[in-house]
Amino acid sequence: MFDGILLGQYVSGNSFLYILNPVNKILFCFTFMVLIVCCQSIFWTVNLGFIVLLLFFSAKLPFLAVLKGMKTILFFLIITFIMHIFFTSQGQVIFQYSKIIITLEGLLNALLIFFRIFFIIMINSILTLTTQPTEIAWGFQKLLYPFKIFKFPVDEFALMLSLALRFIPVLFQELGKIIDAQKSRGAEFDSPSFIKKILSFPPILIPMFINSFFRAEEIAMAMEARCYSNSQNRTHFTKIHTGFEDLFFVIFYTFITLVYLYLYYFKSYDLSVF
Amino acid sequence: MNAVTFNNVEHIYNEKSPFEIKSLNGVDLQIKKGEIFFICGNTGSGKSTLIKLINRLLIAKTGSIKVLEFDMNTIKKPFELRKKVGMIFQYPDNQIFETRVKKELIYGPEKFGMSKREALVKIKESCVLAGLDYEGFKNRNPFELSGGEKRKVAICSILAYDPEIIIFDEPTAGLDNSSILSLKKMFFKLKEKGKTIIAVSHNIDFISECCDKICLLSGGKVIFSGDFVDTMMRFTNKELEVFGVEKPFIYRLLEKIKFKDKDDFKEKIKNIENLFNV
Ligand SMILES: Nc1ncnc2c1ncn2[C@@H]1O[C@H](COP(=O)(O)OP(=O)(O)OP(=O)(O)O)[C@@H](O)[C@H]1O
Ligand SMILES: [Mg+2]
């Protein structure tokens, strides 16, 4: 059920994306996500997505394996796509059959949302595929540093984040194991009926959460046993460096951001249509 | 009559992804009906993978597997197969999912179409067999049990639907000595009932007490398989490391040898001579 690469999983490799500073990568993700969400035109969204895919391929990231791992999400994405098409009633009608109406507006909206979510996942995959969870947490810690002035608990937040990230694959593994346990005792998950598929989810999700609560308690104890505390300044085992690659990367996405801002404000592209 | 037949079976985890791992590499294996069959091997040698293939929790791309009357290459729905092949997982935490012990125990029988009354009788029977106090535990939350108690619940939840083949993955792990003793007795009782038992274990005392046949897995391949004493005789020091013992253990084996006839006697003596280089 969950083969391929799970969302949020790290895959070791050695392309330029691996060398970049995590702070840099997080900033890149953030800017690109904002750009994609703000962009109202399908054409420019796809263009932006194209750049993301280009990054993906030039860094030799396993595109197909990521797609395979996205199967479940793609499934829900397609459902939202279809809902959007059929439940938008304003706009120019392009197809009508008794009560079913499809409008141009609905179709374009559906496409836009589909691309948006798809590319947002892709952008974040770039970060999580090439950055270890501890590095991501470290990056956030550095980014949030200024908020220390307002007594924001940055260190605790970073710890929480790194634990949460660490738990995503654990949750999926847990899910797989519970499915195995139920399968071996006669539960059927490969039923072609859609309703049955949906109904089979609660009985595996509940034990998954219970199980992971118990797991979390054990981790907390294990951390305490090794005297984890936030009171002292933490040192890090691996030093993360910032190099020329980072500079180029910053220039690269700042340039793209500027181009988009230019299009958005000065050219005021007709944003709702192509 | 064979209960399980493996023919040149290969298995790869995460095929065609960056995490590809070849776990089984051409396994040939035969397990007869009514046997107690042990699978041994170092950690990571593919034991758990192998037994998951029997239950079709994993599917092998190459090779053929036959389990009872089912052929894995042609089987459509594994439902009937799983009814007859019960599997107790390596870690009971991975197997338990209900919030009450009694619900956990009745899950299998209910899914496989037993009536409630019939299931209850079977559950109580299997609790006696596995040494679990049903009345005392039925309303407990299985997540809060101790490791050994969880294992007992896991065993009962499988025995409750009376499968023909029962697979145990490291059943002695986390059990105290008296529980291991009752596990041993349980194995014999199940054998008396005509069940086939397949178990993964490294507890050499446990194995030598109740084993009919044994196989040794290494690097995804079966390197030895056959009668317990004969197979153990052929092990070198290196292979005995799997059990955490060394050659002196051979002496314990010698006590167990039974001779069928004159030829058998001669052959076995020859084996022993080889072993001691005399
Ligand atoms: N879900 C999985 N995904 C990827 N690789 C796996 C998975 N499960 C096991 N493996 C790998 O397959 C190989 C065989 O694993 P398996 O669990 O069968 O070993 P084992 O003999 O049962 O070991 P142990 O005695 O520790 O239980 C190992 O190298 C392991 O890393
Ligand atoms: Mg195992």
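Residues numbered from 1 in each chain as written. Chains lettered and ligands numbered in written order. Predicted model: local features only at pLDDT ≥ 70, side-chain atom pairs only at ≥ 80, totals over all residues. Heavy atoms only, no water.

Turning our eyes to something else, we now look at the overall build of chain B. The secondary structure content of chain B amounts to 13 helices and 10 strands. Radius of gyration (C-alpha) of chain B: 20 Å, near the 19 Å computed for a compact globule of 278 residues. Considering only C-alpha atoms, chain B reaches an extent of 65 × 45 × 35 Å along its principal axes. Expressed as a percentage of its 278 residues, the buried residues of chain B come to 52%. For chain B, the share of sequence-separated contacts (at least 6 apart) that also reach a separation of at least 24 residues comes to 65%. Here chain B contributes 46 positively and 38 negatively charged side chains, and the mean placements of these two sets differ by 4 Å. (Helix = DSSP H or I, 4+ residues; strand = E, 2+ residues; numbered from the N terminus. Rg over C-alpha atoms; globule rule 2.2 N^0.38 Å. Buried < 20%, exposed > 50% of the residue type's maximum accessible area, 1.4 Å probe, protein only. Contact = heavy atoms within 4.5 Å. Lys, Arg positive; Asp, Glu negative; His and termini not counted. Charge placed at Lys NZ, Arg CZ, Asp CG, Glu CD.)

Another point: the packing of helix 4 (residues 101-111) of chain B against helix 5 (residues 116-130) of chain B. Residues and elements named next belong to chain B. Put simply, helix 4 and helix 5 touch, their axes get as near as 10 Å, and they point 130 degrees apart. As summarised for this structure, helix 4 and helix 5 are arranged oblique, according to the angle between their axes. In this structure, helix 4 crosses over helix 5, and the sense of that crossing is right-handed. Here helix 4 contributes L105, I106, P109 and E110 to the contact with helix 5, which in turn contributes K116, A119, I123 and C127. (Axes fitted to C-alpha atoms, helices over the stretch in contact; angles between N-to-C directions. Parallel < 35°, antiparallel > 145°, perpendicular 65-115°, else oblique. Left-handed = near helix turned anticlockwise from the far one by under 90°.)

Before going further, it helps to spend a moment on the domain arrangement of chain A. Many descriptions give the size of an interface as the accessible area lost when the pieces come together. Residues and elements named next belong to chain A. According to the domain assignment, chain A consists of domain 1 (1-131 + 243-274) and domain 2 (132-237). Facing 16 residues of domain 1, the contacting portion of domain 2 comprises 16 residues. Here domain 1 and domain 2 share an interface that buries about 1,400 Å² over both sides, 86% of which is from carbon and sulfur atoms. Taken together, domain 1 and domain 2 are joined by 0 salt bridges. Inspection of the domain 1/domain 2 interface yields 0 residue pairs in polar contact (both at pLDDT 80 or more). Those elements that place two or more of their residues in the side of domain 1 that touches domain 2 are helix 2 (22-38), helix 5 (71-87) and helix 6 (104-130). Residues belonging to the side of domain 1 that touches domain 2 are distributed by class as follows: 12 nonpolar, 4 polar and no charged. (Domains from an automatic or database assignment. Buried area = accessible area lost by both parts, 1.4 Å probe. Salt bridge = Lys/Arg side-chain N within 4 Å of Asp/Glu carboxyl O. Polar contact = N/O pair within 3.5 Å; in protein donor to acceptor, adjacent residues only side chain to side chain. Nonpolar A, V, L, I, M, F, W, Y, C, P; charged D, E, K, R; others polar.)

Looking at the metal site, the magnesium ion (ligand 2) is ligated by S48(B) (OG) and Q90(B) (OE1), spaced 1.9 to 2.2 Å from it. Note that S48(B) is positioned in helix 1 (residues 47-54) and Q90(B) in the loop between strand 6 (85-88) and helix 3 (92-95), a separation of 42 residues in sequence. (Donors = N, O, S within 2.8 Å, 3.2 Å for Na, K, Ca; no water.)

Right, let's talk about a negative patch on the surface for a bit. On the surface, D227(B), D230(B), D261(B), D263(B) and E267(B) cluster together into a patch of negative charge. Residue position: D263(B) is located in helix 13 (residues 262-276). (Patch = residues over 30% accessible without salt bridge, like charges linked within 9 Å, V, L, I, M, F, W, Y side chains within 5 Å. Areas by Shrake-Rupley, 256 points an atom, 1.4 Å probe, with all protein chains shown as cover.)

Positive phi, close to 65 degrees, is recorded for K151(A), a residue that is not glycine. Owing to a relative accessible area of 75%, K151(A) belongs among the exposed residues under this scheme. One non-glycine residue, R56(B), adopts positive backbone phi at about 60 degrees. Positionally, R56(B) belongs in the loop between helix 1 and strand 4 (62-67).

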